[in-house]
Amino acid sequence: MLERSSIKAPEAELEAYYEDLKRLDMAPLWTNQGPAAPEPQSKVLPYRWRWQDMRPQALRALQLVGTKEAERRVICCQNPGLLPGRSATKTLVANIQVVGPGEIARAHRHTAAALRLIIESTGGYTVVNGETIPMLPGDLVLTPNWSWHDHANDADTPMIWLDGLDSPLVSMLEAGFREEYPEETQRAQEDVDLSFTKYGAGSLLPAWESPADQTSPLNHYPWTQAKATLDRLAAVESGSPYDGVILQYANPITGGAVMPTIACYVQVLKPGRRTQAHRHTPSTVYHVIEGQGATIVNGVRLDWEAKDVLTVPGWALHEHVNESSTQPAYLFSFTDEPVFRSLGLFREDSRALSAG
């Protein structure tokens, strides 16, 4: 009958063996091997960044640093559990970017995929591979992996948005490439918001084109369209027990996530709605578009109001509550879910969670 072996070498002999391994840049696993954790234990902390704190700092940056000096005037949301890093989760960053009236942020491209959720704007635009895309409050704008992009504000008020990127993941994979455009800005096409004209109808697609890329060919998802759809559904559906009425921003060709590494969602919580608790392996960054309420993460209550940003670590039990008895709450979120699904690492379950 086969059984585990027991070999008790003298301590001096073991230490000599370990030194031999060290000289070869090797090490024994068993000397640091404790009981295996039965489930993930994230270093990411549940955390909330208040808009009332972030906005004054973004406007202050306008007076201190120009886009010529900074190129991207960005303030990073640093998760306290990941310091000294500058990311919101292990794989995602959440940054606040501001462009002042009459300013440009010059064109470049990089292998990190990016999204922009517009917070404040009375005009302004992003140019993505020559396509001019308007940036209005609540709009989602994509700047996919290795696409040329620059920003410009032709309005008379500052333009502020939330940046979401997969740069920590790209850095971990040592796949970070970057290139400057030969000119300050791109030469824009005559047709404004062309990708929305082609693909914005969703179920009606150009029959002469068949994009094969995993990234959505639609670069602009207007908030007016998303909110109207949410409100129509909320009038007749209760939605998910965990997220309320929630919609995924979809690649109109594949029906899947908008980018290979980032999925985006928007949800509405009806007045007084409290969802059930669940958890999943992907981490999530939330931005409150409208409303006030709380998200309870592993028993930690994160109160939020309009324009706040918060993080939920992977495999953390979380639930949402809309504190208002009369007004709905709208939440935008982005997550590294596509990575987990493509690697066969996606898991999800639910459990009752009592919270304060």
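Structure first, text after, so check above.
Cut-offs and rules
What you see as residue numbers is a count from 1 along each chain, following the sequence as written. Residues qualify for local features only when their pLDDT is at least 70, as the model is predicted, and side-chain atom pairs are given and counted only at 80 or more; totals for whole chains, interfaces and linings, by contrast, use all residues. Values shown for side chains rest on all heavy atoms present in the structure; no hydrogens or waters enter the calculation. Think of it in three bands: with a 1.4 Å probe and only protein chains considered, a residue is buried below 20% of the maximum accessible area for its type, exposed above 50%, and partly exposed in between. Counting from the N terminus, the helices are the DSSP runs of H or I reaching at least four residues and the strands are the DSSP runs of E reaching at least two. The criterion for strand pairing is that DSSP finds at least two bridges linking the strands in question. Each reported salt bridge corresponds to a side-chain nitrogen of Lys or Arg within 4 Å of a carboxyl oxygen of Asp or Glu. Nonpolar core, defined: a set of buried Ala, Val, Leu, Ile, Met, Phe, Trp, Tyr and Cys residues in which side-chain atoms within 4.5 Å join the residues together. The criterion used for residue contact is that any of the two residues' heavy atoms lie within 4.5 Å. Helix axes are fitted to C-alpha atoms over the stretch in contact, other axes to C-alpha atoms as well, and angles between N-to-C directions run from 0 to 180 degrees. Multiplying 1.5 Å by the residue count of a helix minus one yields the expected span of that helix. Our arc is simply the arc of the directions from the helix axis toward the C-beta atoms. The disulfide criterion used throughout: a pair of cysteine sulfur atoms within 2.5 Å. For this analysis, a polar contact is any N or O atom pair within 3.5 Å, provided that within protein one partner can donate a hydrogen and the other can accept it, and provided that sequence-adjacent residues contribute only side-chain to side-chain pairs. What counts as a ring pair is set by centres within 6.5 Å for rings of Phe, Tyr and Trp (its six-membered ring), and what kind of pair is set by the plane angle: stacked under 30 degrees, edge-to-face over 60, tilted for all other angles. Over a ring means this: the NZ of a Lys or the CZ of an Arg is within 6 Å of the ring centre and within 35 degrees of the ring normal.

Undergrad: Mind showing me how you'd approach the pairing of strand 19 (residues 309-312) here?
TA: Consecutive side chains along a regular strand alternate between the two faces of the sheet. Both faces of strand 19 are covered, namely the face carrying Val309 and Thr311 and the face carrying Leu310 and Val312. Across 3 bridges, strand 1 (residues 47-49) lies against strand 19 in antiparallel orientation. Counted as the bridge partner of Arg48 is Leu310 from strand 19. Bridging between strand 16 (residues 284-290) and strand 19 involves 4 bridges; their strand directions are antiparallel. Each bridged residue has a counterpart across the sheet, and for Thr284 the counterpart in strand 19 is Val312.

Undergrad: Where do I start with the pattern of salt bridges in this structure?
TA: For side chains bearing opposite charge, pairing can occur when the charged atoms are close. Summed over all chains, the structure comprises 18 salt bridges. The residue Arg106 makes a salt bridge to Glu180 at a minimum N-O spacing of 2.6 Å. Note that Arg106 is positioned in strand 4 (residues 104-110) and Glu180 in strand 11 (residues 178-180), a separation of 74 residues in sequence. Judged by its relative accessible area of 34%, Glu180 is partly exposed.

Undergrad: Help me out: how do you make sense of the nonpolar core in this one?
TA: As a rule of thumb, soluble globular proteins bury nonpolar side chains together. Ranked by internal contacts, the top residues of the largest apolar core, which has 40 residues, are Leu115, Leu140, Tyr249, Cys264, Phe332 and Phe334. With residues up to four places along the chain from it excluded, the contact list for Phe334 reads Leu92, Val93, Ala94, Leu115, Leu162, Gly164, Ile262, Ala263, Cys264, Ser283, Thr284 and Val285.

Undergrad: Would you mind going over the sheet that holds strand 11 with me for this structure?
TA: Pairing between the strands of a sheet comes from backbone hydrogen bonds, and it takes one of two forms, parallel or antiparallel. Reading across from one edge, 7-6-9-4-11 is the order of the 5 strands in this open sheet, with antiparallel pairing throughout. Each end of this open sheet is capped by a strand with a single partner; those strands are strand 7 (131-134) and strand 11. Shown here is a sheet whose adjacent strand axes are inclined to one another by a mean of 25 degrees, direction ignored.

Undergrad: Hey, could you run me through the sheet that holds strand 12 (residues 220-221) in this one?
TA: The 6 strands are arranged 2-3-10-5-8-12 in an open sheet whose pairing can be described as antiparallel. Looking at strand neighbours, the two that pair on one side only are strand 2 (74-76) and strand 12, the edges of this open sheet. Note: strand 2 against strand 3 (residues 93-99), 3 bridges, orientation antiparallel. Residue Val74 lies in a different strand from strand 3, and its bridge partner there is Gln97. Sitting on the sheet, helix 2 (residues 51-64) touches strand 2, strand 3, strand 5 (114-120) and strand 10 (159-165), and the angle it makes with strand 3 is about 45 degrees.

Undergrad: Could you clarify how one ought to interpret helix 2 in this entry?
TA: In an α-helix there are 3.6 residues to a turn, and that puts residues three or four apart on one side. Here helix 2 contains 14 residues, and its C-alpha end-to-end distance of 20 Å stays within 8% of the 20 Å for a straight helix at 1.5 Å per residue. Three or more residues of helix 2 are buried, namely Trp51, Met54, Ala58, Ala61 and Leu62. What you see down the axis of helix 2 is that its buried residues fit within an arc of 110 degrees, all on one side. For helix 2, the exposed residues lying more than 90 degrees away from the buried face are Arg60, Gln63 and Leu64. Packed against the buried residues of helix 2 are strand 1, strand 2, strand 3, strand 5, strand 10 and strand 19.

Undergrad: Sorry, what's going on with the pairing of strand 3 here?
TA: Counted residue by residue, strand 3 has 7 buried out of 7 residues, so it is predominantly covered. Burial along strand 3 is two-sided: the face carrying Val93, Asn95, Gln97 and Val99 and the face carrying Ala94, Ile96 and Val98 are both buried. Bridge count between strand 3 and strand 10: 7 bridges; the pairing is antiparallel. Residue Val93 lies in a different strand from strand 10, and its bridge partner there is Leu165.

Undergrad: Looking at this model, I keep getting lost on the state of the cysteines. Mind explaining?
TA: Put plainly, a disulfide is one covalent bond tying together the sulfur atoms of two cysteines. Enumeration over the complete set of coordinates arrives at 0 disulfides. Of the cysteine sulfurs around Cys264, a residue in no disulfide, the closest is that of Cys77, at 16 Å. With relative accessibility at 0%, the residue Cys264 sits in the buried group.

Undergrad: Quick question: what am I supposed to make of the environment of Glu184 here?
TA: Within the secondary structure layout, Glu184 lies in the loop between strand 11 and helix 5 (194-199). As a C-alpha pair, Glu184 and Leu247 span 63 residues in sequence and 37 Å in three-dimensional space. A distance of 3.2 Å separates the side chain of Glu184 from the side chain of Arg106, its partner in a polar contact.

Undergrad: Sorry, what's going on with helix 1 (residues 11-23) here?
TA: A rise of 1.5 Å per residue sets the reference length of helix 1, with its 13 residues, at 18 Å; its end C-alpha atoms lie 19 Å apart and thus fit the reference within 8%. Following helix 1 by one or two positions, Asp25 has its phi on the positive side, about 55 degrees.

Undergrad: Even after reading the chapter, I still don't get the packing of aromatic side chains, so can you show me in this structure?
TA: Centre distance and the angle of the planes are the two values used to describe a pair of aromatic rings. Summed over all chains, the structure comprises 8 aromatic pairs. Relative to Tyr18, the ring of Tyr17 lies with its centre 6.1 Å away and its plane at 50 degrees, an arrangement referred to as tilted. A residue is classified by how much of its surface remains accessible, and Tyr17, at 39% relative accessible area, is partly exposed. On the basis of an interplanar angle of 35 degrees and a centroid distance of 6.3 Å, the ring pair of Phe332 and Phe334 is categorised as tilted. Judged on exposure class, the residue Phe332 and its partner Phe334 are both buried. Three or more aromatic residues link up through ring pairs in this structure, and these residues are Tyr221, Tyr249, Phe332 and Phe334. Sitting over the ring of Phe346, Arg341 keeps its end group 3.8 Å from the ring centre.

Undergrad: Please explain the environment of Gly81 as it appears in this structure.
TA: Tracing the backbone through its elements, the reader meets Gly81 in the loop between strand 2 and strand 3. For Gly81, a relative accessible area of 27% translates into the label partly exposed. On a C-alpha basis, the gap between Gly81 and Val44 in space is 5.0 Å, while along the polypeptide they are 37 residues apart. Ignoring sequence-local partners within four residues, the contact set of Gly81 consists of Lys43 and Leu45.

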